[in-house]
Amino acid sequence: MPETTTDPGRIDAGADAAAPAAFTRETGAEEEIVGSEASEPTITSRADSADPGSAEDEGADLPDDPFIAPVAMEDDLDELFPGDRGTLDAEIRRVLVHVLQRRFLSAEGNRAEWKLLLEHQQIIESRMHDLYLRLVVDLGRGLAYKQQVRSDEFEVPILLKDAPYNRTETLVLVHLRTVFQRESAAGESAPRIDIEDVEQTVLSYLTDADGSPARQQKAIRAALDRLDREGVIDEETTGRYRISALVEVVLSAEKLAELRAWLRRQQQEQKRENAG
């Protein structure tokens, strides 16, 4: 069974030459960073604190200009934490971190962050390129996500690692993508699906090699939980899910057709085996 990837920019060849190319999901290491707020530095002029007559008595040299020299605006950046050398405003930094931390950024989910992303896309892309990451902004679907830059010409340190979908997760994903395609063509802007529908379809592709019916059902529910966490679906009520447009990014129409053909061949082989 082929595996699937949520990285829309990369498809790796599977080990089984007869099966479609494997999909692998690229994820970045998530790390909670807690920064302390730095207090505003206080600058005291020596001329203000010293006894007016003491400097001459002690022979100390005082500056001719008692005022502090002005600092260029670009050199006078506010520190967000002690030793901060960053140049981005706090709100832009948050958007950058969220793009790196999350599977994707949605215009529907957070309009304020989406607006900031579009307004400062160039500088955010620059920061990501320094990490060999590519920012993809899909205006049509209102989605932004990251991709690992790869090159055959020079060595690229890999930050995002592949995390493949297993067989059951792939089957669930194929069914969700099929339903989304069908409902969207019918004019439904937010396709929905029930868990019973998913189980009925996916179980028809599973065999005894996938375990007992109870084990198969448990695997299907675990697959739905994972796709829910990743934002591919959203459980609105118990057992009822809204399918996100992200499913089109994770699984393209071309790859969907390839997987469907593979599944048809698999079912035909299974029928021949049962008949023999």
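Bear in mind that the values here come from a model prediction, so they are computed numbers and not experimental data.

There is a patch of like negative charges on the surface, built from Asp78, Glu79, Asp89, Glu91 and Glu119. Looking at the element boundaries, aspartate 89 is found in the loop between α2 (54-58) and α3 (90-101).

Taken together, three strands build an open sheet; the order of strands is β2-β4-β3 and the sheet is antiparallel. One side of each edge strand has no neighbouring strand; the edge strands of this open sheet are β2 (105-106) and β3 (133-138). With two bridges connecting them, β2 and strand β4 (residues 143-148) associate as antiparallel partners. By the bridge assignment, serine 106 is partnered in β4 with leucine 143.

This part covers the sheet that holds strand β6 (residues 192-194). Pairing within the open sheet is antiparallel, and its three strands lie in the order β6-β8-β7. Only two strands of the sheet have a single partner each, and these edge strands are β6 and β7 (233-237). Each neighbouring strand pair of the sheet contributes to a mean axis angle of 35 degrees, computed without reference to strand direction. Relative to strand β8 (residues 240-243), β7 is paired through four bridges, and the arrangement is antiparallel. Residue pairing across strands places threonine 237 opposite arginine 240, the latter belonging to β8. Running over the sheet, helix α6 (residues 167-185) touches β6, β7 and β8 and is turned about 135 degrees from β6. With respect to the sheet, helix α7 (residues 195-203) is in contact with β6 and β8, its orientation differing from that of β6 by roughly 70 degrees.

So, on to α7. Along α7, the positions that sit buried rather than exposed are Ile195, Val198, Glu199 and Val202. All buried residues of α7 fall inside an arc of 95 degrees around its axis, so they share one side. Turned more than 90 degrees away from the buried face of α7, the exposed residues are Glu196 and Gln200. Looking at the packing, one finds that the buried side of α7 touches α6, β6, α8 (213-230) and β8.

Calculation criteria
- Residues numbered from 1 in each chain as written.
- Predicted model: local features only at pLDDT ≥ 70, side-chain atom pairs only at ≥ 80, totals over all residues.
- Heavy atoms only, no water.
- Patch = residues over 30% accessible without salt bridge, like charges linked within 9 Å, V, L, I, M, F, W, Y side chains within 5 Å.
- Areas by Shrake-Rupley, 256 points an atom, 1.4 Å probe, with all protein chains shown as cover.
- Salt bridge = Lys/Arg side-chain N within 4 Å of Asp/Glu carboxyl O.
- Lys, Arg positive; Asp, Glu negative; His and termini not counted.
- Charge placed at Lys NZ, Arg CZ, Asp CG, Glu CD.
- Helix = DSSP H or I, 4+ residues; strand = E, 2+ residues; numbered from the N terminus.
- Pairing = 2+ DSSP bridges.
- Axes fitted to C-alpha atoms, helices over the stretch in contact; angles between N-to-C directions.
- Contact = heavy atoms within 4.5 Å.
- Buried < 20%, exposed > 50% of the residue type's maximum accessible area, 1.4 Å probe, protein only.
- Arc of directions from axis to C-beta.

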